[in-house]
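What follows is each chain in one-letter form.
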Amino acid sequence: MVSWVEPELSPAAQQLCQQMATWAAAERPSAPEVAAMRMGDAPSRRAARVALWRAHAQLAAQADGESASEALEALSALQQLDGLCADAIAHVQRASGCLDLVAQRHAGLEAQSSALQRQTAVHSGHLAGTQALADALETRLSPFRALATHRRLLEAPGLPATHPDLLPALEALDRAIAGVAGSASTARDSASLLVELRTAQASGLRAIAAHIASALNSAASSALSALRDWSADPPPNVGGEGRPLLSSADGAFLQAVHVRFQTLATTLRPWIEQLERRAPLHREAAAVLLDAQGAYLEARAPLLRAALVAMLGRLAADASADSTADAAGGAGVLRLPVEKLADAARRAIGWFARVMSLERELHEAFFRSGVTVRLSAVGPGGAVGTLSRRESEATFSSLGDGAVALGSGGISGALEFALDRSLGGVCALLADWLRPTVIQANSVEHLADLALALREEAASASKHTPEAPVAATGGGGRGALGSAIERVLGDVQDRLAFRAQIDLRENVRTFRPTTEDVHFPERLELARDAARARADTPAMDGAAGSGGGGDGAVRYEVPWYPPAEATLRCLAVLYRAVDRLTFSSLAAEGVAEATGALLDGSARVAARSGELHGRLFLVRQLLTLREQLAPFDAEWEVVEKTLDLSNMRGWLLSEISSRRALASPLSFFRGMLTSNRPAIVERHKDAKASLEAELKASCEGLIAHVSAQLTQPLLPFLVRYGTATATGGAEAEGSGVGEALPSAEACAKILQETVACVEERLPALHGALSLYLNNAITLAILFRPMKTAVSDALQQYSAVAQRAMQDAERDALDVPGQLGRVRSALDAYG
């Protein structure tokens, strides 16, 4: 390469050089020209040289006026510049070739890197997503960094609930459990991690439950002390009529039993809320909540028992009853007079109802888990859902009988069930208090009064007790007190039915009447005379009854036969006190026994006072018994089942005599239980139908007996000669049968005796009927068939006399007139 030495030029030469440089720059080839140059296109270089020489010529023209030396220097400089330009052009050509080679390589690299750029873009997107996922995981897993510290804290023995880090640790565990349970991850450790987290959570919740139990036990101890002070000095007229026990005057009781715990509920409520909020999420938390409620119930139950025992003691003192202590249970078992048992039971149930109402209000102040809280579960894919009824029952079944929640009750149902079970144990004091007196009570009337009182109180308790789940109450919303009353009522009704059977057996079945009991008709006459004496007294004019003529002018009470009176009194007492099935059974038995006793009494009265009085006694007593049974709604037909062993007797004798029973005992018992087993015989008995049948038979017998008494002389005559009326008189004469008809004298004699008998006996018979029946309508009903029977007998006599006597003989004896006298006498009495 030629080195360049810049000469010193004149201003004109410098201007010329600048002009040439500008031209040279203008003549710089473009990219196509450069490509043409590479291909050896000489005209381009010649064009540059022409331009350069033009510049030389112009420069020479401008340099005419300058000195020759300067022109020569400029020319020399131009020549050097021309060589330099040639070298530069060569260098440019070589550089251009290098650039072309680089451009070709760049194009190849660009084609090769386009696929890599696309892959790089895809990988960059994946990297951005991975980074975002890593950031999210870091955010989600950040709470787990402090779990080790929280677990050590919660699993530490003797952790107090007041520890400042307890609640934050539980909150952190809640978030961690929710994160693990709600995550879509399928890691193997998720289940075990959940178990560990929930175990730590349960440890913290048990610490809270221990704090709650400690506070409750402390409050219960102080309340028991205050209750003893209240019981030692009772206010006057406690629980008296017109003032309830738990009134404003019993502020000490309310302070000891209720108000103190009401204040404690406000203090413990935030801790219980921690349990209630987590209980629906897992069975361990639910178990801790139930344990806390169990501690509450264990603290309250002895306090309630002591309070109720004190109340019952005051009631016993107010009722002037003796009290004894039950050595086995330690509770006060108070024995009350039987006559005050019903009133005392009503007052005691009123107290129990008030205490149970206060206890439910207090429980609601402590535990407010809602009505339809249900367990939640983690479903497939981490979705949180609600357990079904079967799953909820299976979850709570592991917590014990008290934790089984039926239907949609859930935890609330389990809490209510436990509360009702605890209150049921407290209400058992009512049964313990009443049972000794009930067991020793023998009076059916007093037991019936107690049963009626208990039925009314049970209905009232069922009406006013708030509805609880089925699992809690065991059916129908009766509540703990209602169930206790029902149990006591069952005991009372059993005792009442037992005593009623004994009374029926002693007073009806095995009744042995005294002389006074069968002293009829004297007892009726005494009752009638006493009624007439009262009616004749001026001061008692308004008490006289109205009736028919004669003996029926004064109404009086017909004396009862003792078995019938005992039966009706017993049924009247039992009717509302026992259930319909029990009453029907006892009523059927009592009516059957009373009917048999009346038949026996009728025979005894007949043996003493005559057959007429015996029949009248039976009709009167049966009529009264039927009338008094009308209001009772009962099933009078009962099924009596007996065991018939008659078919076994011969078989047993043969087996024993042949010693086969000893040889093969198994075959013996198999044969006894199969082919030779006893037969069950069922017999249907309708006591009321039997009563009706006996009444009908006795009325028919009475009618026949009275009719026979009135027509006693006439009956043999009609039996002997009544067949003569079946044939005509001419036929009798033509056949030569003269003995078929009586003589005129016999007819006249029988007529006179019959008229005399009727006139003599009719007043006494009608008086006896009026004395026993003492009712004009009943008397008319019974007397009408008697009158008809006598009239029929007279009609038959008239037919016989018409054929046996001549008209003149009948006129002489005045047969129509005599018969008319008898009919007139009968008509006079009805």
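Residues numbered from 1 in each chain as written. Predicted model: local features only at pLDDT ≥ 70, side-chain atom pairs only at ≥ 80, totals over all residues. Heavy atoms only, no water.

Considering the overall build of the protein chain
Note the threshold: Secondary structure elements are taken from DSSP: a helix is a run of H or I of four residues or more, a strand is a run of E of two residues or more, and numbering for both begins at the N terminus. Note on exposure labels: buried denotes an accessible area under 20% of the residue type's maximum, exposed denotes more than 50%, and partly exposed covers the range between, all computed with a 1.4 Å probe on protein chains only. Pairs of residues are marked as contacts when any of their non-hydrogen atoms sit within 4.5 Å. Note on areas: Shrake-Rupley with a 1.4 Å probe; residue coverage comes only from the protein chains shown.
Counting secondary structure elements, the protein chain contains 29 helices and six strands. Residue burial in the protein chain is summarised as follows: out of 830 residues, 40% are buried. Across the protein chain, contacts joining residues at least 24 apart in sequence account for 77% of those joining residues at least 6 apart. Counting every atom, the protein chain has about 44,000 Å² of accessible surface; 55% of that belongs to carbon and sulfur.

Points about the pattern of salt bridges
Side chains that carry opposite charge are capable of pairing whenever their charged atoms lie near each other. Counted only if it meets this: What counts as a salt bridge is simple: a side-chain nitrogen of Lys or Arg found within 4 Å of a carboxyl oxygen of Asp or Glu.
This structure, assessed with the given rule, holds 22 salt bridges. What you see here is one network of salt bridges that share partners, running through Arg269, Glu273 and Glu276.

Some words on unusual backbone geometry
Cis geometry marks the peptide bond from Phe520 to Pro521; its omega dihedral reads 10°. Tracing the backbone through its elements, the reader meets Pro521 in the loop between helix 15 (479-509) and helix 16 (522-536).

Digging into the nonpolar core
As a reminder, the rule being used: Among the buried residues, those of types Ala, Val, Leu, Ile, Met, Phe, Trp, Tyr and Cys that are joined through side-chain atoms within 4.5 Å form a nonpolar core.
Ranked by internal contacts, the top residues of the largest apolar core, which has 170 residues, are Phe261, Phe366 and Tyr797. Take this core: its biggest share by element is 18 residues, from helix 9 (residues 283-318). Contact partners of Tyr797, with chain neighbours within four places excluded, come to Leu714, Phe717, Leu718, Cys747, Ala748, Ile750, Leu751, Val815 and Leu819. If you look at the next biggest cluster of nonpolar residues, it comprises eight residues, including Leu173, Val180, Leu194 and Leu197.

Focus on the side chain of Arg495
The criterion, for reference: For this count, His and the chain ends are skipped, Lys and Arg are scored as positive, and Asp and Glu as negative. Here a polar contact means two N or O atoms within 3.5 Å. Within protein one must be a hydrogen donor candidate and the other an acceptor candidate, and residues neighboring in sequence count only if both atoms are side-chain atoms.
Mapping Arg495 onto the fold places it in helix 15. Buried Arg495, no salt bridge; nearest opposite-charge side chain is Asp503, N-O distance 9.3 Å. At a separation of 2.9 Å, a polar atom in the side chain of Arg495 contacts the side chain of Asn442. If near-sequence neighbours (up to four positions away) are discounted, Arg495 is found in contact with Val438, Ile439, Gln440, Ala441, Asn442 and Leu447.

Overview of the environment of Leu430
The residue Leu430 is located in helix 12 (residues 410-440) in this model. Here the alpha-carbon distance between Leu430 and Leu308, two residues 122 residues apart in the chain, equals 9.0 Å. In this structure, Leu430 is in contact with Ala348, Ile349, Phe352, Ile485 and Val488, ignoring residues within four places of it in sequence.

Quick look at the packing of aromatic side chains
We count it as follows: Within 6.5 Å between ring centres, the rings of Phe, Tyr and Trp (the latter by its six-membered ring) count as paired, and their orientation is classed by plane angle as stacked under 30 degrees, edge-to-face over 60, tilted in between. Ring-over charges, as used throughout, are those where CZ of Arg or NZ of Lys falls within 6 Å of the ring centre and within 35 degrees of the ring normal.
Applying the stated criterion across every chain yields a total of 12 aromatic pairs. One aromatic cluster is present, formed by Phe511, Phe520, Tyr561, Phe617 and Tyr772 through successive ring pairs. Looking at Arg300, its charged tip hangs above the ring of Phe261, at a distance of 4.5 Å from the centre.

Focus: the confidence of the model for the protein chain
Convention followed: Every residue carries a pLDDT, the predictor's confidence in it, which falls somewhere between 0 and 100.
Looking at the protein chain as a whole, the pLDDT averages 74, with 67% of positions reaching at least 70. The low-confidence segment residues 466-477 (pLDDT under 50) makes 19 contacts with residues lying over four places distant or belonging to another chain. Note that residues 539-552 has pLDDT below 50 and, in this model, 19 contacts with residues that lie over four places away or in other chains.

Digging into the packing of helix 26 (residues 744-773) against helix 27 (residues 776-804)
Test applied: Think of each axis as a best-fit line through the C-alpha atoms, taken over the contacting stretch in the case of a helix, with angles from 0 to 180 degrees between the N-to-C directions. We call two directions roughly parallel when the angle between them is under 35 degrees, roughly antiparallel when it is over 145, roughly perpendicular when it lies between 65 and 115, and oblique otherwise. In the scheme used here, Gly and all other residues not listed as nonpolar or charged are polar, with Ala, Val, Leu, Ile, Met, Phe, Trp, Tyr, Cys and Pro taken as nonpolar and Asp, Glu, Lys and Arg as charged.
In contact at an axis separation of 12 Å, helix 26 and helix 27 are set at 175° when each is read in the N-to-C sense. As summarised for this structure, helix 26 and helix 27 are arranged roughly antiparallel, according to the angle between their axes. Contacts between helix 26 and helix 27 involve Cys747, Ala748, Ile750, Leu751, Thr754, Leu762, His766, Leu769, Ser770 and Leu773 from the former and Thr778, Leu779, Leu782, Phe783, Met786, Leu794, Tyr797, Ala801 and Ala804 from the latter. Residue classes in the contact of helix 26 with helix 27 are distributed as 15 nonpolar, four polar and no charged.

Notes on the packing of helix 17 (residues 562-574) against helix 19 (residues 611-629)
Interaxial distance between helix 17 and helix 19 falls to 11 Å at its minimum, and their mutual angle equals 0°. One finds that helix 17 runs roughly parallel with respect to helix 19. Residues Ala564, Leu568 and Leu571 of helix 17 form the contact with helix 19, whose participating residues are Gln621, Leu625, Gln628 and Leu629. Across the contact of helix 17 with helix 19, the residue classes break down as five nonpolar, two polar and no charged.

Some points on the side chain of Ser602
For Ser602, the location among the structural elements is in helix 18 (residues 580-609). In this structure the side chain of Ser602 is engaged in a polar contact, spanning 2.8 Å, whose partner is the backbone oxygen of Gly614. Not counting the four nearest positions on each side in its chain, Ser602 is found in contact with Gly614, Arg615, Phe617 and Leu618.

Some remarks on helix 19
Selection rule: An expected span of 1.5 Å times one less than the residue number is assigned to each helix.
Between its terminal C-alpha atoms helix 19 stretches 27 Å, which fits the 27 Å expected from 19 residues at 1.5 Å a residue. Extensive coverage of helix 19 is indicated by the burial of 14 of its 19 residues.

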